[in-house]
Structures are given as C-alpha cells and as structure tokens.
Amino acid sequence: MLPFKKNDKYASIAFYAFLTITAAAAVFLCILNFGKVTDAIGSVFAALSPFTYGFVVAYLCNPILCFYERTILSFKKAKRNMHTVRRVLSLILTMLTALAVISVILYAIIPQSVQSFEDLGSQMNIYIENVQNFADDLVREHSQKILGEQYDTLAALLSEYDISLNIKDLFTQYYTLIQSGANYVINYGGALVGEVKNFVIGVILALYFLYSKEKLCAQMKKILSALFKRRTYLNTIRLARFTHETFGGFIIGKLLDSFIIGLLSLFVLWIFDIPYYPLFSVIIGITNLVPFFGPIVGCIICCLLILIVSPADFLLTLIIIIVIGQIDGNILEPRILGNSIGISSLWVIVAITAAGGLFGFTGMVLGVPMTAVLYVLFKQFIENRLRHKNIPVHTEFYKTDPPRSDGLDPGTVFIDKDTPVPELTLEDDIPDPPPRKKKEKLPLLKRLVAQKRKNINRNRKKTK
C-alpha cells in the first residue's frame with residue numbers, strides 16, 4: 001500500500017472550494033425559505049430586545065451618571081477610595097432623576113393632551129360652523145374690493161366660478177382622518193404592552209451596564225486585541241470613540257433641545273391663551289427631534305388644528321411657532337449641539353429622507369449622526385487615495401481644476417492616448433481656508449477690567 005502524501009496546495013484548494021459550495025448552498029436555502037429566515041431573525045431580535053433596551057437606557061443615562069460623579073459626588077477630600085460608594089449613589093440619583101423627568105412629562109402633558117383631543121372631537125361641529133362663518137365674513141367684507149362683485153357667502157363665490165366645496169364635509173373628513181390615525185396609534189400602543197416586561201429587564205441590565213461600564217469596555221477591548229492586529233484594533237477603538245462622540249453629542253443634545261422647546265412652547269402658548277396649548281407643545285417638542293423637517297411638520301400640524309379650533313388665533317399661533325423655531329435654530333440648538341455634526345444642510349436633507357424611508361421615525365432621528373460618521377470615513381478614504389496618487393487633496397484646488405486654458409485642443413472632447421497630459425503633484429495643492437472663528441465675548445466684569453487696563457496703558461503712554 002502506497003503511503004499517502006499530504007499536499008498543502010491541494011488541501012487549501014479543497015478547503016476553500018468546500019467553503020464556497022457551503023456558502024452558496026446556505027444562500028440558496030435562505031432564498032427558498034425566506035419567510036422562515038425572516039421569522040428566525042425576528043425571533044433572535046425579540047430575544048435580544050432586553051439587551052437593546054438596556055443599552056439604550058444606559059447610553060442615555062450615562063451623561064447624568066457622569067454629572068453626579070464628577071460634580072455632586074466628587075469626594076475630593078476623602079481619605080479612602082470611594083469609587084464604589086460614589087457609583088452606587090450616582091446610580092440611585094440617576095434613576096431618580098430619569099424617573100422624575102418621565103413622571104413630570106406623563107403627569108403634566110399627556111392627560112391634558114388627551115383631554116384636548118377629546119374636546120376637539122366633541123366640539124367639532126361648533127368649530128366647523130365658526131370656520132365657515134369666518135370665511136363668509138371675509139368674503140362679504142372683501143369680495144367687492146377684490147373681485148368687483150358682492151358675495152354674501154363663500155359658497156356663493158365658489159359656485160360663481162363653478163367650484164363646489166362643502167366645508168363641513170371637508171373638515172369632517174379631516175377630523176375622521178386624524179381620529180383614525182389616533183386610534184391606530186392607540187392600538188399600536190396597546191400592542192406594545194407586551195414589551196413592558198422586556199423594558200423592565202432592560203432597565204435592570206442598564207444598571208449593571210452603568211455600574212461596571214469601565215470593566216465591560218476593558219473586556220471588549222481585550223477581545224478585540226486578541227482577535228485583530230494592533231493597527232485594526234486601534235482603528236476600531238478610534239472609530240468607536242468618534243461614533244460615540246457624534247451620536248452621543250447629537251442624541252443627548254437633541255433630546256435636551258426638544259425638551260426645552262416643548263417647555264418654552266407650553267409657557268408661551270399658555271401666556272397668550274392659545275386653545276389646547278398642551279397638545280401643541282407636545283407636537284412641537286416631538287417633531288423637533290427630527291432635524292430640518294421636524295419643526296416644519298410641527299408648525300403645519302399645529303396651524304391646521306388651530307385653524308379648526310380658533311381661526312382668529314391662527315396668525316398669532318403661526319407667529320409664535322415661527323419665533324420659537326428661530327430662537328431654537330439660531331440660539332438654543334447651536335449652543336447645545338455646537339458643530340458636532342459637521343455636514344452641510346444638503347446632506348442633512350439627504351440623510352433624513354433616505355434613513356426615514358428605510359427605518360421610519362428612528363431613521364429620521366439617527367440618520368443625521370449616522371451620515372456624519374459615514375461622511376467622515378468616506379472623506380478620509382478619498383483623501384488617502386489622493387495622497388497615495390500624489391495629487392492635490394483639498395477641495396479648494398478642484399474649484400478651478402482643470403483650467404480652461406490647459407494647452408490642449410479645445411475642439412477635442414476626449415483626449416486620445418497619444419496626447420500627453422500634464423500630471424499633478426501635491427505641490428499644486430491649494431489648502432482650504434480656515435473656518436472663521438467667532439470672537440468670544442468676555443463676561444461683563446472681565447470686559448470692564450480689560451477696558452480699564454487699556455485706559456491705564458493709554459494714559460501711561462501719553463504721560464511719557
């Protein structure tokens with residue numbers, strides 16, 4: 001019997017061929033049983049939902065925990081290591097703070113919002129008559145001046161131009177649409193009752209995550225360091241830190257910004273005695289979570305509702321919402337979020353549209369920071385490719401490249417292979433202009449002291 005000789009080359013070929021055939025068979029079986037595969041994936045995600053809830057709760061509560069540890073419970077003069085005591089007390093205060101905020105929102109806003117919607121439905125006929133009378137008064141007062149003919153009602157004006165419109169049917173259908181949507185939301189909320197158990201387990205897991213977050217991060221780094229090379233390990237950690245800074249800064253800042261805008265809307269609308277101001281403040285606060293489109297959608301919804309309830313307050317409500325939006329966009333949001341996103345308005349619109357179409361409301365909220373991370377990664381990839389080719393990197397150079405007078409035949413559209421083309425180098429690069437830095441205003445006391453010093457120095461120079 002001849003001895004078997006092992007051939008590493010053919011063994012490797014056989015191994016990779018086996019992997020390829022197995023992978024192809026697995027993909028083919030998944031396609032044939034697509035429904036069962038999606039059900040299995042859904043079951044896995046459902047089983048992991050407590051961990052998802054726990055991670056989200058821990059991630060949102062981590063800034064509060066850090067605030068208590070670093071500011072309130074610092075224990076700088078303690079003789080012993082008070083890490084365990086500080087962490088336990090900070091966890092208790094963090095959970096109490098989160099519970100207090102949720103309780104205030106549920107107690108102060110939701111009951112009034114539900115009552116407002118019920119009142120809106122019970123008095124719908126009165127509101128419709130008010131709107132119709134308001135429209136008839138406008139037609140009666142201004143039709144002679146604008147159209148040259150006098151009309152007593154809006155219906156008479158529309159029938160003159162062969163336009164049929166029944167305002168009562170229009171608003172009845174509009175309210176029916178709102179009511180059906182609300183019923184769908186309520187029914188969907190009832191289906192979410194089954195998730196309460198997973199959420200409670202997630203909160204308990206969040207406590208463990210927050211208590212031992214340093215150890216868990218260290219263990220994860222240990223696993224990554226064992227599985228990957230040093231360069232891959234460092235890149236993974238740097239990507240995780242950058243993603244955390246982008247997502248964390250945006251999500252926490254947006255939640256805080258929306259909460260402040262909701263309270264500001266509640267206070268201002270209450271001062272001006274706008275009907276159903278709790279409902280409007282909830283709508284403004286929730287829609288403000290979505291960048292760019294959110295405030296516009298919230299303004300449209302509130303204006304449509306106030307047009308039904310009290311047409312006389314429509315203009316005042318519109319002005320209040322616009323002013324609050326300007327305060328948020330120009331003062332509050334830049335102060336809270338800063339420039340952590342780093343992408344233009346165009347990419348914000350693209351991110352909201354694409355992520356919202358794929359992942360719904362969650363995608364509309366998280367699409368902007370996700371796009372910011374992908375934008376930075378793609379930008380770094382492109383710039384590395386340009387440096388590898390030894391050609392200009394900065395965007396400023398490509399604003400005038402290639403020049404119209406490039407020395408080639410202007411009548412030729414495509415350059416053939418025989419025509420020499422001038423090559424670029426990094427020496428041709430034009431750096432981008434640095435961003436303008438706003439002058440930071442000093443506090444009043446420091447400004448007075450600085451002005452006093454300037455006056456003293458000026459007087460000394462005069463005396464010399």
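Residues numbered from 1 in each chain as written. Predicted model: local features only at pLDDT ≥ 70, side-chain atom pairs only at ≥ 80, totals over all residues. Heavy atoms only, no water.

Novice: So what's going on with the overall build of the protein? Residues and values would help.
Specialist: Of the regular secondary structure elements, the protein holds 15 helices and 0 strands. For the protein, the residues scored as buried account for 24% of the 464 residues in total. Across the protein, the fraction of contacts at a sequence separation of at least 24, relative to all contacts at a separation of at least 6, is 68%. Counting only carbon and sulfur atoms, one obtains 66% of the accessible surface of the protein, whose full area is about 34,100 Å². (Helix = DSSP H or I, 4+ residues; strand = E, 2+ residues; numbered from the N terminus. Buried < 20%, exposed > 50% of the residue type's maximum accessible area, 1.4 Å probe, protein only. Contact = heavy atoms within 4.5 Å. Areas by Shrake-Rupley, 256 points an atom, 1.4 Å probe, with all protein chains shown as cover.)

Novice: Tell me about the packing of helix H2 (residues 34-72) against helix H10 (residues 230-271), residues and numbers included.
Specialist: At a minimum axis separation of 11 Å, H2 and H10 run at an interaxial angle of 80°. By the angle class used here, H2 and H10 are roughly perpendicular. Touching Tyr 59, Leu 60 and Pro 63 of H2 are His 244, Phe 247, Gly 248, Ile 251, Ile 252 and Leu 255, all from H10. Tallied by class, the residues present in the contact of H2 with H10 amount to 7 nonpolar, 2 polar and no charged. (Axes fitted to C-alpha atoms, helices over the stretch in contact; angles between N-to-C directions. Parallel < 35°, antiparallel > 145°, perpendicular 65-115°, else oblique. Nonpolar A, V, L, I, M, F, W, Y, C, P; charged D, E, K, R; others polar.)

Novice: Can you lay out the nonpolar core for me, pointing to particular residues and giving the numbers?
Specialist: Ranked by size, the top nonpolar core spans 19 residues in total, and within it Ile 274, Phe 280, Cys 302 and Ile 320 carry the most contacts. When residues of this core are traced back to their parent elements, those giving at least two are H10, helix H11 (277-287), helix H12 (293-309) and helix H13 (314-337). Element by element, the count of residues in this core is highest for H12, at 6 residues. In this structure Ile 320 touches Val 268, Leu 269, Phe 272 and Ile 274, once residues within four positions along its chain are discounted. Core analysis: the second largest hydrophobic core is formed by 10 residues, Phe 250, Val 290, Val 348 and Ile 352 among them. (Core = buried A, V, L, I, M, F, W, Y, C linked by side-chain atoms within 4.5 Å.)

Novice: I'd love a proper account of H10, names of residues and values included.
Specialist: Each turn of an α-helix holds 3.6 residues, which means side chains three or four residues apart point in the same direction. Relative to the 62 Å expected for 42 residues at 1.5 Å per residue, H10 spans 61 Å between its end C-alpha atoms, a close match to the ideal helical length. Looking one or two residues past H10, Asp 273 carries a phi angle of roughly 55°, positive in sign. (Expected span 1.5 Å × (residues − 1).)

Novice: Lay out the packing of aromatic side chains in plain terms, naming residues and giving numbers.
Specialist: Enumeration according to the criterion identifies 6 aromatic pairs in this entry. Ring centres of Tyr 53 and Phe 199 lie 5.8 Å apart, and the angle between their planes is 75°; on these two criteria the pair is classed as edge-to-face. Placement of Tyr 53 in helix H2 and of Phe 199 in helix H8 (residues 196-211) is noted, with a sequence separation of 146 residues between them. Among the residues examined, Phe 199 registers a relative accessible area of 39% and is labelled partly exposed. (Phe/Tyr/Trp six-rings, centres within 6.5 Å; stacked < 30°, edge-to-face > 60°.)

Novice: If you had to explain unusual backbone geometry to someone new, which residues and values would you point to?
Specialist: Where the residue is not glycine, phi is negative for most of them; where a peptide bond is considered, it is trans in most cases. Its identity is not glycine, yet Asp 273 carries a phi of approximately 55°, on the positive side. With respect to the element layout, Asp 273 can be found in the loop between H10 and H11. Despite not being glycine, Asn 390 shows a phi value in the positive range, around 60°. Examined against the element boundaries, Asn 390 turns out to sit in the loop between helix H14 (345-388) and helix H15 (444-463).

Novice: I'd love a proper account of the side chain of Ser 281, names of residues and values included.
Specialist: Within the secondary structure, Ser 281 sits in helix H11. Sequence-distant contacts of Ser 281, that is, excluding residues within four places in its chain, are made with Gly 262, Ser 265, Leu 266 and Leu 269.

Novice: Go over the confidence of the model for the protein with me, naming the residues and quoting the values.
Specialist: The predicted model of the protein averages 76 in pLDDT, with 74% of residues at 70 or higher. Considering each helix and strand of the protein separately, the mean pLDDT is smallest for helix H7 (residues 167-191), with a value of 56, and largest for helix H9 (residues 213-227), with 90. (pLDDT = per-residue confidence, 0-100.)

Novice: Give me the lowdown on the packing of H10 against H11, citing residues and values where you can.
Specialist: Where H10 contacts H11, the two axes come as close as 8 Å, and the packing angle between them is 155°. Here H11 runs roughly antiparallel to H10, going by the angle between their axes. When you trace H10 past H11, the crossing you get is right-handed. When H10 is examined against H11, the residues Ser 258, Ile 261, Gly 262, Ser 265, Leu 266, Leu 269 and Trp 270 are found in contact with a partner set consisting of Tyr 277, Pro 278, Phe 280, Ser 281, Ile 284 and Gly 285. For the contact of H10 with H11, the residue count by class is 8 nonpolar, 5 polar and no charged. (Left-handed = near helix turned anticlockwise from the far one by under 90°.)

Novice: Residues and numbers for the pattern of salt bridges, please.
Specialist: Pairs may arise between side chains of opposite charge once their charged atoms sit close together. Enumeration according to the criterion identifies 3 salt bridges in this entry. For Glu 214, the salt bridge is made with Arg 87, and the minimal N-O distance between the two is 2.8 Å. Placement of the pair is Glu 214 in helix H9 and Arg 87 in helix H3 (residues 83-108), with a sequence separation of 127 residues. A relative accessible area of 1% places Arg 87 in the buried class. (Salt bridge = Lys/Arg side-chain N within 4 Å of Asp/Glu carboxyl O.)

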